[in-house]
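Working through the structure, step by step
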Amino acid sequence: MNNMQNNESHVLEAHQIHKSFQLEENQIDVLKNINLSVKPGEFVAIMGKSGSGKSTLLSLLAGLDHPSSGQIKLNGDDLTHMSEEQLALKRQSDIGFVFQSFHLIPTLSVRENIEFPLSIARQQDVGRVTELLTAVELTHRANSFPHQLSGGEKQRTAIARALVAMPQILFADEPTGNLDEKNADQVLQLLLNLQKAFNTALVVVTHDPGLAQLADRTITIIDGELV
Ligand SMILES: Nc1ncnc2c1ncn2[C@@H]1O[C@H](COP(=O)(O)OP(=O)(O)OP(=O)(O)O)[C@@H](O)[C@H]1O
Ligand SMILES: [Mg+2]
């Protein structure tokens, strides 16, 4: 290995990622030859047209799906050779994910939604949940349910939930896509504050050039390839 040192200084490394889907008789190559590394605490924005492969890439990097070929390493551990159980554990401990459409659990309160990843890991940390409720300015909504929240409040709950287990890397798929300008700004500011406070690496898919400008680095994906 000629780049051992490099490996150690990256939280995420993707090598030669390829992803294809079978659609009837046709194979469609959605991602081709993707190479990408992210350093601890780094903020990387991913831009690209609709259908270019951004969400597919994010789900592979976060261990939510498997690439057709290639290798993805998180803190040196190869995600591509892990079982579903191992991947689930990895997602609990090291990875946060914020979906465009929030994915909150409707029957749980704000506090319980934020606590949820800890409860499946059979951990408890009331202090951490309270700290995050403060960080996302939702202390006064702790006992509300998702249907009682605004879009921005839902997204802030989702961000707190993604961070509760102190992941080293947070993936967010258009986290401000469903929000008005004011809420989008607040969610964005929150992500950046949390990135700084916890040195969490951020990988964010966005169509917003303003958000991309704040990133340490912007990568663009065209027809499944990074340019
Ligand atoms: N499970 C699947 N089966 C077949 N094709 C798929 C599947 N998932 C994604 N695709 C195709 O892969 C391409 C990339 O999809 P993806 O969701 O990654 O795009 P995107 O860049 O996130 O777009 P958007 O900005 O609209 O969210 C699209 O052409 C889509 O139709
Ligand atoms: Mg998408």
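Residues numbered from 1 in each chain as written. Chains lettered and ligands numbered in written order. Predicted model: local features only at pLDDT ≥ 70, side-chain atom pairs only at ≥ 80, totals over all residues. Heavy atoms only, no water.

Describing the site of ligand 1
Around ligand 1 sit 13 residues, and of these S50, G51, K54, S55 and T56 come closest. S50 is positioned such that a nitrogen or oxygen atom in its side chain is 2.6 Å from an oxygen atom of ligand 1. Between S52 and ligand 1, the recorded distance is 3.2 Å, taken from a backbone N or O atom to an oxygen atom. Contributions of two or more residues to the shell around ligand 1 are made by β2 (26-38) and α2 (54-61). Looking at the shell around ligand 1 element by element, the count peaks at three residues for α2. Of the residues that constitute the shell around ligand 1, the class distribution is three nonpolar, seven polar and three charged. (Near = heavy atom within 4 Å. Polar contact = N/O pair within 3.5 Å; in protein donor to acceptor, adjacent residues only side chain to side chain. Helix = DSSP H or I, 4+ residues; strand = E, 2+ residues; numbered from the N terminus. Nonpolar A, V, L, I, M, F, W, Y, C, P; charged D, E, K, R; others polar.)

Quick notes on the packing of helix α6 (residues 151-163) against helix α7 (residues 181-198)
Running from amino to carboxyl end, α6 crosses α7 at an angle of 15°, the nearest separation of the two axes being 10 Å. It follows from the interaxial angle that α6 and α7 lie roughly parallel. Of the two possible hands of crossing, α6 and α7 adopt the one that is right-handed. Touching G152, Q155, R156, I159 and L163 of α6 are N183, Q186, V187, L190, L191 and L194, all from α7. In terms of residue class, the contact of α6 with α7 is built from six nonpolar, four polar and one charged. (Axes fitted to C-alpha atoms, helices over the stretch in contact; angles between N-to-C directions. Parallel < 35°, antiparallel > 145°, perpendicular 65-115°, else oblique. Left-handed = near helix turned anticlockwise from the far one by under 90°. Contact = heavy atoms within 4.5 Å.)

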